[in-house]
Amino acid sequence: MLIGINPKVSADLLSVLARMGHGDEIAIVDANFPAASTAASCQWPDVISYPGLNAVGVIDLITELMPLDGFSDYAALRMQIDTAPDELGEVHTEVAALLTERLPEGGVLSSIKRQDFYIQAKTAFAVVQCNEHRAFGCFILRKGVIF
């Protein structure tokens, strides 16, 4: 047990976050996402499972420990809704509210088409699958730096 670390943070998640460097990405995906086949292409080839948390809960755990990037086009990406790419679903609104508080100066929340998300997630450092059942509840976070 570690002092100051939320006990919900698994050993695998803690290890992944510690190993990631500036610009590395972590995909947080919903319950319907093809997590195992995607993770097989990542640096950490095993899915990190969080069956007891939704996307907001997992992103909260991660961003308590990992700074977001303020030096690139985006600090976080959300999967767009196929028929309404500019529309925010309930899960997107909740995650945006959380991330807005944790963005560094210059940090941007952006979006990506669903099919492009699948491609980008395969280049992530790791994949975390949660119990999110709301449609399009998938996100990519880019690690920043600590000053």
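The text that follows walks through the structure, step by step, so that each part is easy to find. Note that the coordinates shown come from a computational prediction; the quantities given were computed from them, not determined experimentally.

Calculation criteria
- Residues numbered from 1 in each chain as written.
- Predicted model: local features only at pLDDT ≥ 70, side-chain atom pairs only at ≥ 80, totals over all residues.
- Heavy atoms only, no water.
- Axes fitted to C-alpha atoms, helices over the stretch in contact; angles between N-to-C directions.
- Helix = DSSP H or I, 4+ residues; strand = E, 2+ residues; numbered from the N terminus.
- Parallel < 35°, antiparallel > 145°, perpendicular 65-115°, else oblique.
- Left-handed = near helix turned anticlockwise from the far one by under 90°.
- Contact = heavy atoms within 4.5 Å.
- Core = buried A, V, L, I, M, F, W, Y, C linked by side-chain atoms within 4.5 Å.
- Buried < 20%, exposed > 50% of the residue type's maximum accessible area, 1.4 Å probe, protein only.
- Salt bridge = Lys/Arg side-chain N within 4 Å of Asp/Glu carboxyl O.

For the rest of this paragraph, the subject is the packing of helix α3 (residues 55-65) against helix α4 (residues 90-102). In contact at an axis separation of 10 Å, α3 and α4 are set at 15° when each is read in the N-to-C sense. Judged by the angle between their axes, α3 and α4 are roughly parallel. The element α3 and its partner α4 pack so that their crossing is right-handed. Across from Ala55, Val56, Ile59, Asp60, Thr63 and Glu64 in α3, the residues of α4 making contact are Val91, Glu94, Val95, Leu98, Leu99 and Arg102.

Okay, the nonpolar core next. Generally speaking, soluble globular proteins have nonpolar side chains that are buried together. Leu13, Ile26, Ile62 and Leu141 are the most contacted members of the largest nonpolar core, which has 31 residues in total. Sorting the residues of this core by element identifies α1 (11-19), β1 (25-29), β2 (48-50), α3, α4, β5 (126-130) and β6 (139-142) as the ones contributing at least two each. Residue contributions to this core peak at 6 residues, all from α3. Listed in part, the 19 residues of the second largest apolar core include Ala39, Leu77, Met79 and Cys138.

The tally for this structure, following the rule as stated, stands at 6 salt bridges. Across the pair Asp60 and Arg102 runs a salt bridge whose closest N-O atoms are separated by 2.7 Å. You can see Asp60 sitting in helix α3 and its partner Arg102 sitting in helix α4, a full 42 residues away along the chain. Given the relative accessible area of 28%, Arg102 is considered partly exposed. With a shortest N-O distance of 2.7 Å, Arg134 and Glu132 are connected by a salt bridge.

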